[in-house]
Amino acid sequence: MSPSPSFYLALAALSCCAASAKDTTSPPSMVVPDQVISAQNAKLDANSLDKGFGPQSPRDIEAKAGNTMRIFALAPPSNQMNLCNIHLHRSAEHKGGEFTRYAGNGDGKGIGSGYRYSGTLTASELKPLAEPVCASEHGSLQAGDTIEVHYVYSSARVGPGAPLKACFNDSIKNPDLRVEAQVYVLVNDSQALDFGQLTAVSMHKGYHQAPNIPTNTGTPVQYAGSTTGPDYNEVASPFQVTWSVRPKVAKVNVASMAAWCTANPFNEHGPHGVRNLVINPELLSVIP
């Protein structure tokens, strides 16, 4: 979940025909060494610890421990809130479940890092499209890529829009926020899930909803955290967010991404970058 700065102001191959899911698009022009990521984590600690910030995201959803003393009540279930935004990140921001393969350090600014699907795909599933889709400043998408999609909900009386300021209104300045997170792997298969259907929006009992979020990808891991995105690699996010992260990965037809990135209610045209995984227990909540 990565609002823009302006918003804050207002596996190895198994056989000849099966291979690890892999990132098939161009890597960042520069991959930073481990020391850069370590320095960013140190700055995050220095700028955030003992400053009163709440628990942070993203995190390893299999590591349950957390020592933050800043606690907030979890948001209501998503079916009692309004969907206000959907966006995606290239590679998963969270780690765990079926997305544990580190993509690398990337450029230190959110491009080329994160976590990838740790399962295997067939050669036909990995066959690249003639042209990648959803090009943005954070890269484009191809068969084999992993994405983490954030379905953002607000307790305010709002509707789908862009950017995340759509989740707020003048009547409620501090609404509860919830993100239903689902990790997908993109495959060259017309029988795989259609991204347009996965992100369809409808009204249900007076609330804007995304009714087609998969229900067969495991019990969501729910925890108290924050907004994400690489702007927060060195400073904590001040926003409180309840997260529900599904541990299993679903396959999406990569060709179906193109139409969505061309036109959608959220003015999203490509993937966002990822925030470094938050690992300091002092910045994390306990996962029940």
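Definitions and limits used
As a convention, each chain's residues are numbered from 1 in the sequence order in which they are written. For a predicted model such as this one, the threshold for reporting local features is a pLDDT of at least 70, and the threshold for listing and counting side-chain atom pairs is 80 or more; totals across whole chains, interfaces and linings nevertheless cover every residue. Side-chain descriptors were evaluated using all non-hydrogen atoms of the structure, hydrogens and water having been removed beforehand. Exposed residues in this analysis have more than 50% of their type's maximum accessible area, buried residues have under 20%, and partly exposed residues fall in between, with area computed by a 1.4 Å probe over protein chains only. Secondary structure elements are defined from DSSP: runs of H or I of at least 4 residues count as helices, runs of E of at least 2 residues count as strands, and each element is numbered from the N terminus. We call two strands paired when DSSP finds no fewer than two bridges between them. Among the buried residues, those of types Ala, Val, Leu, Ile, Met, Phe, Trp, Tyr and Cys that are joined through side-chain atoms within 4.5 Å form a nonpolar core. We call two residues in contact whenever any of their non-hydrogen atoms come within 4.5 Å of each other. Between Lys or Arg on one side and Asp or Glu on the other, a salt bridge is scored when a side-chain nitrogen of the former is within 4 Å of a carboxyl oxygen of the latter. Aromatic rings from Phe, Tyr and Trp, taking only the six-membered ring of Trp, are treated as a pair when their centres fall within 6.5 Å; an angle between ring planes under 30 degrees marks them as stacked, one over 60 as edge-to-face, and anything in between as tilted. pLDDT expresses, on a scale from 0 to 100, how confident the predictor is about each individual residue. Pairs of N or O atoms are called polar contacts if they sit within 3.5 Å, as long as, within protein, a hydrogen donor faces a hydrogen acceptor (for residues adjacent in sequence, only side-chain-to-side-chain pairs). We call a pair of cysteine sulfur atoms a disulfide whenever their separation is within 2.5 Å.

### Examining the pairing of strand β12 (residues 221-226)
Then comes step 1: Along β12, five of the six residues are buried, which leaves the element largely enclosed by surrounding structure.
Then comes step 2: Across six bridges, β12 lies against strand β13 (residues 240-245) in antiparallel orientation. What sits directly across from Gly225, in β13, is Val241.

### What to know about the nonpolar core
Then comes step 1: Met1, Phe99, Val152, Val179, Trp243 and Val245 are the most contacted members of the largest nonpolar core, which has 29 residues in total.
Then comes step 2: Taken together, the elements giving at least two residues each to this core come down to β9 (177-187), β12 and β13.
Then comes step 3: The element that contributes the greatest number of residues to this core is β9, accounting for six residues.
Then comes step 4: Setting aside residues up to four positions removed in sequence, Val152 forms contacts with Met1, Asn82, Leu83, Cys84, Asn85, His87, Leu164, Cys167, Arg178 and Val179.

### Here's the deal with the environment of Phe99
Then comes step 1: Mapped onto the fold, Phe99 is located in the loop between β2 (82-90) and β3 (101-102).
Then comes step 2: As a C-alpha pair, Phe99 and Val249 span 150 residues in sequence and 7.4 Å in three-dimensional space.
Then comes step 3: In this view, Phe99 contacts Ile61, Ala92, His94, Tyr115, Arg116, Tyr117, Ser118, Val183, Val245, Arg246, Pro247 and Val249; residues no more than four positions away in its chain are not counted.

### Looking at the pattern of salt bridges
Then comes step 1: Within this structure, the stated rule accounts for five salt bridges.
Then comes step 2: The salt bridge involving Glu234 is made with Lys43; its shortest N-O contact spans 4.0 Å. With Glu234 in the loop between β12 and β13 and Lys43 in helix α2 (residues 34-48), this pair connects stretches of sequence that are 191 residues apart.
Then comes step 3: On the basis of relative accessibility, which here comes to 30%, the residue Glu234 falls in the partly exposed class.
Then comes step 4: Given a relative accessible area of 43%, Lys43 falls into the partly exposed group.
Then comes step 5: Measuring nitrogen to oxygen at the nearest pair gives 3.2 Å for the salt bridge that ties Lys173 to Asp170. Each member of the pair, Lys173 as well as Asp170, is classed as exposed.
Then comes step 6: By sharing partners, the salt bridges in this structure join Arg178, Glu180 and Arg246 into a single network.

### Overview of the packing of aromatic side chains
Then comes step 1: In this structure the tally under the stated criterion is five aromatic pairs.
Then comes step 2: The interplanar angle of 70° and the centroid separation of 6.2 Å between the aromatic rings of Phe168 and Phe239 together place this pair among those described as edge-to-face. Taken together, the positions of Phe168 in the loop between β8 (146-154) and β9 and Phe239 in the loop between β12 and β13 put the pair 71 residues apart, joining distant regions of the chain.
Then comes step 3: Ring geometry for Tyr184 versus Phe195: centroids 6.3 Å apart, planes at 85°, classification edge-to-face. One end of the pair, Tyr184, is in strand β9; the other, Phe195, is in helix α4 (residues 195-198), and eleven residues separate them in sequence.

### Quick notes on the confidence of the model for the protein chain
For residues with low pLDDT, the predicted coordinates do not support detailed interpretation.
Then comes step 1: Looking at the protein chain, the pLDDT average stands at 91 and 90% of residues meet or exceed 70.
Then comes step 2: Confidence drops under a pLDDT of 50 for residues 4-18, and excluding neighbours within four residues, the segment shows 26 contacts in the predicted structure.

### Digging into the side chain of Thr68
Then comes step 1: Its place among the elements puts Thr68 in the loop between α2 and β2.
Then comes step 2: The buried category is assigned to Thr68, whose relative accessible area is 12%.
Then comes step 3: Within the structure, Thr68 has its side chain in polar contact with the backbone nitrogen of Arg70 (distance 3.2 Å).
Then comes step 4: Apart from the residues within four sequence positions on either side, Thr68 is in contact with Phe53, Pro55, Pro281, Glu282, Leu284 and Ser285.

### Let's talk about the state of the cysteines
Working definition: the covalent bond between the sulfur atoms of two cysteines is a disulfide.
Then comes step 1: Inspection of the entire model under this criterion finds two disulfides.
Then comes step 2: Here Cys134 connects covalently by a disulfide to Cys261, the sulfurs 2.0 Å from one another. Looking down the S-S bond of the Cys134 and Cys261 bridge, the torsion is 95°, so its handedness is right-handed. Separated by 127 residues along the polypeptide, Cys134 in strand β6 (residues 133-136) and Cys261 in helix α5 (residues 256-262) bring together distant segments of the chain. Grouping residues by exposure puts Cys134 and Cys261 together as buried.

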